[in-house]
Structures are given as structure tokens and as C-alpha cells.
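Residue strings, one per chain:
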Amino acid sequence: MRLGIVGLPQSGKSTLFAALKGARGEGEFLKPSRSEDHIATVKVMDERVDFLTHIYKPKKTTYTQLEYLLPSQATSVPGKADNQALNRVRVCDALFHVVRNFDGSVGIPPNPERDFWQLEEEMILSDLAVAEKRLERIDLDVKRGKKPDEEELSLITASREMLDRGLPLRQNPELAGAQVLRGFTFLSAKPQLVIVNNRDEDETMPDWKRKPASIETIVVRGRLELDIASMPEEEAREFMEAYHIDRSVLDRSIQSSYSILSLISFFTVLNDEVRAWTIRQGTSALEAAGTVHTDMKKGFIRAEVLAFADLKTFGSYHEAKQNGVVHLEGKDYVVKDGDIINFRFNV
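Here's a quick rundown of the structure. (Residues numbered from 1 in each chain as written. Predicted model: local features only at pLDDT ≥ 70, side-chain atom pairs only at ≥ 80, totals over all residues. Heavy atoms only, no water.)

## Observations regarding the environment of Asn172
Line of reasoning, step 1. Secondary-structure assignment places Asn172 in the loop between helix H5 (150-164) and helix H6 (173-176).
Line of reasoning, step 2. Sequence-wise, Asn172 and Phe345 are 173 residues apart; in three dimensions their C-alpha atoms are separated by 38 Å. (Helix = DSSP H or I, 4+ residues; strand = E, 2+ residues; numbered from the N terminus.)

## Concerning the packing of helix H4 (residues 112-143) against H5
For any two helices packed against each other, the geometry is given by the interaxial angle and the distance between the axes.
Line of reasoning, step 1. Packing of H4 against H5 brings their axes to within 9 Å, and their N-to-C directions diverge by 145°. Two packed elements cross with a definite hand, and for H4 against H5 that hand is left-handed. Across the interface between the two elements, Ile124, Asp127, Leu128, Ala131, Glu132, Arg134, Leu135 and Ile138 of H4 pack against Glu152, Leu153, Ile156, Thr157, Arg160, Leu163 and Asp164 of H5.
Line of reasoning, step 2. Split by residue class, the contact of H4 with H5 holds eight nonpolar, one polar and six charged. (Axes fitted to C-alpha atoms, helices over the stretch in contact; angles between N-to-C directions. Left-handed = near helix turned anticlockwise from the far one by under 90°. Contact = heavy atoms within 4.5 Å. Nonpolar A, V, L, I, M, F, W, Y, C, P; charged D, E, K, R; others polar.)

## Some points on the pattern of salt bridges
Pairs can form between side chains of opposite charge once their charged atoms are near each other.
Line of reasoning, step 1. Under the counting rule described, the total for this entry stands at 15 salt bridges.
Line of reasoning, step 2. In this structure, Arg114 engages Asp115 in a salt bridge whose closest nitrogen and oxygen atoms are separated by 3.3 Å.
Line of reasoning, step 3. In this structure Asp115 comes out as buried when scored by relative accessible area, which is 9%.
Line of reasoning, step 4. Residues Arg223 and Asp200 are paired through a salt bridge, measuring 3.2 Å at the closest nitrogen-oxygen approach. Highlighted residues: Arg223 in helix H7 (residues 222-229) and Asp200 in the loop between strand E6 (192-198) and strand E7 (216-220), separated in sequence by 23 residues.
Line of reasoning, step 5. By relative accessible area, which is 56% here, Arg223 ends up exposed.
Line of reasoning, step 6. Here the residues in one salt-bridge network are Asp46, Arg48 and Asp337, joined through shared partners. (Salt bridge = Lys/Arg side-chain N within 4 Å of Asp/Glu carboxyl O. Buried < 20%, exposed > 50% of the residue type's maximum accessible area, 1.4 Å probe, protein only.)

## Things to note about a negative patch on the surface
Line of reasoning, step 1. On the surface, a cluster of negative charge is made up of Glu132, Glu136, Glu161 and Asp164.
Line of reasoning, step 2. Counting residues per element, the ones that place at least two in the negative patch are H4 and H5. (Patch = residues over 30% accessible without salt bridge, like charges linked within 9 Å, V, L, I, M, F, W, Y side chains within 5 Å. Areas by Shrake-Rupley, 256 points an atom, 1.4 Å probe, with all protein chains shown as cover. Lys, Arg positive; Asp, Glu negative; His and termini not counted. Charge placed at Lys NZ, Arg CZ, Asp CG, Glu CD.)

## Details of helix H9 (residues 249-261)
Line of reasoning, step 1. End to end, H9 covers 18 Å across 13 residues, agreeing with the expected 18 Å (1.5 Å per residue, within 8%).
Line of reasoning, step 2. Burial analysis of H9 places 10 of its 13 residues in the buried class, the great majority of the element.
Line of reasoning, step 3. Looking at H9, one finds that the buried residues are Val249, Leu250, Arg252, Ser253, Ile254, Ser256, Ser257, Tyr258, Ile260 and Leu261.
Line of reasoning, step 4. Just downstream of H9, Ser262 is the residue with a positive phi angle, here 55°. (Expected span 1.5 Å × (residues − 1).)

## Details of the layout of surface pockets
Line of reasoning, step 1. By volume, the largest pocket is sized at about 720 Å³.
Line of reasoning, step 2. Elements that contribute at least two residues to the lining of the largest pocket include exactly H6 and H9.
Line of reasoning, step 3. With three residues, H6 is the largest single contributor of residues to the lining of the largest pocket.
Line of reasoning, step 4. Its residues assigned to classes, the lining of the largest pocket shows 14 nonpolar, seven polar and seven charged. (1 Å grid on protein atoms, 1.4 Å probe; cavity = no way out; pocket = protein on both sides within 12 Å on 5 of 7 lines; lining within 4 Å. Points joined across faces, edges and corners; volume = space filled by probe spheres on them.)

## A few points about the sheet that holds strand E1 (residues 2-6)
Line of reasoning, step 1. The six strands are arranged E2-E4-E1-E5-E6-E7 in an open sheet whose pairing can be described as mixed. Edge positions in the sheet fall to strand E2 (38-43) and E7, since each of these pairs with one other strand and no more. The mean inter-strand angle of the sheet, taken between neighbouring strand axes irrespective of direction, is 25°.
Line of reasoning, step 2. Here E1 runs beside strand E4 (residues 65-70); their pairing, made up of three bridges, is parallel. Of the residues in E4, the one forming a bridge with Gly4 is Leu69.
Line of reasoning, step 3. With respect to the sheet, helix H1 (residues 13-22) is in contact with E1, E2, E4, strand E5 (94-101) and E6, its orientation differing from that of E2 by roughly 35°.
Line of reasoning, step 4. Packing against the sheet, H9 makes contact with E1, E2, E4, E5, E6 and E7, and its axis sits at approximately 100° to E4. (Pairing = 2+ DSSP bridges.)

None of the figures reported here should be taken as evidence of function without further support.
Written out as C-alpha cells, the structure is:
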């Protein structure tokens, strides 16, 4: 899964990205350049993976990963949206929308609510242009005698009507999740997390007169988080305690990423490897098998499932099976968070 970082210039996007990348000492602490795309690939640390590793003692342990994209920026003019950057995050699964709530050096008092709605409007207008262009093409094809795809025409028309009213597509789950519309990569259809970037001493969420619907919001102190990420572990803990930060910005961002994308994890123990896999809630056993390997999906027979909580209760796979909590499921079984699955297949 890839999440794009967006926001008006001077909102602190680069600082946040550097803090995410350096939170575990795996990346540099310098702010990235504006002239190119940057991707931070981070491990999703999971105590359940650690427990499985302790139980099975595999040769290899693989955590699942998330990617955060900071697109190249064509403009750094405060208050002016960067359309090039917006287009580059269209391929992402969700968006982190950073809004400024610190004085900085831009000379304009912060107004996170105003900044949010400004960029939100830009994304809606950009999507509206895409929808109208497609409808114009469909109309031209009809005049040439080509019959349109009725489902696509209906969905695009509904999308245009909604966007024309100034509403983001994410407010309509049917449109936001429509498979037929995926290729249009509508920005306003993507799940979004608003990150209010406060000054170092301010840990409070600002009051908004008009709160966006269907969007989660968190507060970070980007510059402080970046400083903490560059400190030795003991010193970092002291600063986090002093500033009332219970978890790093990376850990909070990962939790929020899972929340807005409705993600869960399941686990496999295969070929002497304990591995975590990320899927969306509601995924069937058949689709989960395909996540592990296409052959498993192609030759799917059954899924042997053990809930992580049951393994922890009984202490071993053998004891769990003896107590009847290991069960066989068919292809339509809906995978649950924490399932340990052995896929039976034949190709």
C-alpha cells in the first residue's frame, strides 16, 4: 500500500516525511529535495510477528510494509496548490493531507482549516475536469455510433454531479469504491488523513468551524518529531516524555494508515519463514491466498486457520489443534485480523 503526502507549500510535508523515514534510524534526517519524488518504505512492526518468530524459530522473519510518497514539488509559493504534485499522488491508495498550524517563516498566520478546504477544493475541481473530459469522449463515441458502457456512463455521470456540487467522492462509498472508476484515480475518492502540523509546544487540536466528513484528523509536531528521530534512543525517550508524546509519528501514522484504508494483517509460516501480509477488511480466503502466491489461488483447496489469540492461549500449534480451535475454511471465508493461515492447494 502506498500513501501520498500532500498539502500547500510550507505546510511541513518534507519535515513530516523525514521524520517518518528516520523514526527508526533507518533513513536520513535531512529534508528531501523538492525536485524529485521520494519514497519511504517502512516496516509495520507487529508484536504478533515477534511472538510467532519466538514460537516457530524460522530462519527468516518478514514484516509487512507501507510506502509513503512525497511527490516532487513544482511550486513553493505559500497558499498556492501544486497541481503537478497532486497528479503524482493519483496512483496512491490514500492521502496524508498536511496543514500548517505553526508560524514558520512564511509571514502568514496559520489557518489550518482554510488551508484544508483550499486544497480540498483543488482536488475536487481536478477530479471534475477528469470526469467531464471522459463524458465528452463518451458523447463523441456515441455520435460515431459506438455504444457506451452503461455502468461506466452511469457512474461517471453521478461522479460529475457530485463533484459539481463541491462534494468529494469519498462521501459516496459506492462511487469511491467502484471498480469501473479505479482507472480514473480520482483524488477526492481516496481515503484521507488530515495531519495538523503544530509548533513544538502545542499538542492541542485546533477548533474547526466546519469539520470535513469521512476524514480522520491527528495532530503532530513535525519539527519536534524530526529532532527526536535523530536523537539516541535514551535521549529520544526523555524528550517524548517531556513533550507528552507516547508514540513516534511513524507508529501513529501506521495506525492511521491501517484505519483509513481498512487494513488488517494475517500471517503465514511457510518454507521456514514467518511472514505478515496486509489485506483489506472483508477479503476472502481465496483472494488472500492470491496475495501469498498466484498458484495458491489457482489451486485453492482449503484454508487451515488458527486465530492468533488462540495460539497465544494454548502456546503451540499442536495444543491449539488438540483443543479444536484450528479449523478448515473454504474460499469464501472472510479472513480476520490476526489469522494464521496455511493454504492447502494443488496445481
